[in-house]
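The lines below spell out each chain.
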Amino acid sequence: MNSGKAKFRLLIVGNKPPPIGGVSIHVQRLMDEIGELFPKERVAFYDLKDFFIVSYLRAIYKADVVHLHASSSVFRLLTAFLCLVFRRKLISTVHGDLMRFDRLRNALDLAAVRLAAHTIVLNEHSLAIARRVTQNVSLMSAFIMSRVQENIDEKDLKQIADLSRKHKIYATNAFDVTFDKEGREIYGILSLVKLFEEKDDFALVISDPSGKYKPYVIEKHGFVPYNVYFLSYPHDSRGVLKVADGFIRNTSTDGDSLSVHEALDMHVMCFCTDVVSRPKGTVTYSRVDELGDMLSSNAGSINGYRRVDTMKEITKLYVKLGM
């Protein structure tokens, strides 16, 4: 792009790791890619970990286009209002499912969608809801391929290799011990541990960069089964996918999982709960006992998956808004 014609700055608002999570990883990868596409002087980042209202007002005022990545309905509406006051164009990426909160927060969410110059949603359900209040909405994947990998310790790779000699390896991950509004464990790790305890032919490798899940499982279950292995430090889970026979996303709620796309992109079979629409090639289930039957029967395939080019779509949107 011709930087000589640049007349505005793009402000990305969100969190980058740490802590590691689907949204923070997406923002980190987005910033990495933008750094390759646009001159640095045209792009700024506002880290929500350092939020202060005065600095936030100043950052929005200096920008012409704001791209927001935030989970809070209140904060999304606040940012939409500020952009309206300052006459800035707001792109808001909704990383969760619209209408997943209580009545008040859902109303705030829809108001924020209505006020934004453009909203990006991650699934068909959210797209249908957003289109009730605006046509300035796009369905995009949150998946951006990383250029960098964090290595897994050699001793852990050896342990996983030893497991793979006697068991089919399935991978899953969790970014922290968290619960949804119904009090359910979002990543469903405990139910997977109980399932694999009964599956002698299978082994489960759990990527948990927070390091909190193993103590949680021991507290709730009493022990970790011999065929369940935790990687309790920051690492690139693609290292596990290289030796895995399948990937499991046992979540009670979700957006557009980066891990699912990474697995499918590596031709690894994916088994996911049907709580949101999933990419083509994913095998979905409703209950963990259904997953157990699927694993035992060797069901599923990755036919139909196509690699997504999220950066191409986001770049088109930036260009449409003036860059």
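Rules used in this analysis
Residues numbered from 1 in each chain as written. Predicted model: local features only at pLDDT ≥ 70, side-chain atom pairs only at ≥ 80, totals over all residues. Heavy atoms only, no water. Core = buried A, V, L, I, M, F, W, Y, C linked by side-chain atoms within 4.5 Å. Buried < 20%, exposed > 50% of the residue type's maximum accessible area, 1.4 Å probe, protein only. Helix = DSSP H or I, 4+ residues; strand = E, 2+ residues; numbered from the N terminus. Pairing = 2+ DSSP bridges. Axes fitted to C-alpha atoms, helices over the stretch in contact; angles between N-to-C directions. Contact = heavy atoms within 4.5 Å. Polar contact = N/O pair within 3.5 Å; in protein donor to acceptor, adjacent residues only side chain to side chain.

Asker: Can you walk me through the nonpolar core in this structure?
Answerer: Nonpolar side chains in soluble globular proteins tend to end up buried together. Counting residues in each nonpolar core, the largest one holds 52 residues, and the members touching the most others are Phe196, Tyr213, Ile248 and Phe271. When residues of this core are assigned to their parent elements, the largest contribution, six residues, is made by helix H7 (residues 189-197).

Asker: Help me out: how do you make sense of the sheet that holds strand E11 (residues 269-273) in this one?
Answerer: The pairing of strands in a sheet comes from backbone hydrogen bonds and takes either a parallel or an antiparallel form. Read across the sheet, six strands follow the order E9-E8-E7-E10-E11-E12 without closing on themselves; strand pairing throughout is parallel. What marks the edges here is a single partner per strand, and that holds for strand E9 (228-231) and strand E12 (282-285). Across this sheet, the average inter-strand angle for adjacent strands is 25 degrees, counted without regard to direction. Direction of pairing for strand E10 (residues 246-249) relative to E11: parallel, over a ladder of four bridges. Note on E11: the bridge partner recorded for Gly246 is Met269. Of the strands in this sheet, strand E7 (168-173), strand E8 (202-207), E9 and E10 are in contact with H7, which crosses E8 at around 160 degrees.

Asker: Sorry if this is basic, but what is going on with the sheet that holds strand E6 (residues 137-139) here?
Answerer: Pairing within the open sheet is parallel, and its six strands lie in the order E2-E1-E3-E4-E5-E6. Of all the strands in the sheet, just strand E2 (43-47) and E6 have a single pairing partner and so form its edges. Geometrically, the sheet is characterised by an average inter-axis angle of 20 degrees between neighbouring strands, direction not taken into account. Relative to strand E5 (residues 118-121), strand E4 (residues 89-93) runs parallel, the two sharing three bridges. From the neighbouring strand, Thr93 faces E5, where its bridge partner is Ile120.

Asker: How should I be thinking about the side chain of Asp254 in this particular structure?
Answerer: Relative to the helices and strands, Asp254 is located in the loop between E10 and helix H10 (258-265). For Asp254, a relative accessible area of 8% puts it in the buried group. At 2.8 Å, the side chain of Asp254 and the side chain of Arg278 are in polar contact. Filtering out sequence-adjacent residues up to four positions away, Asp254 remains in contact with Gly96, Asp97, Arg249, Val275, Val276 and Arg278.

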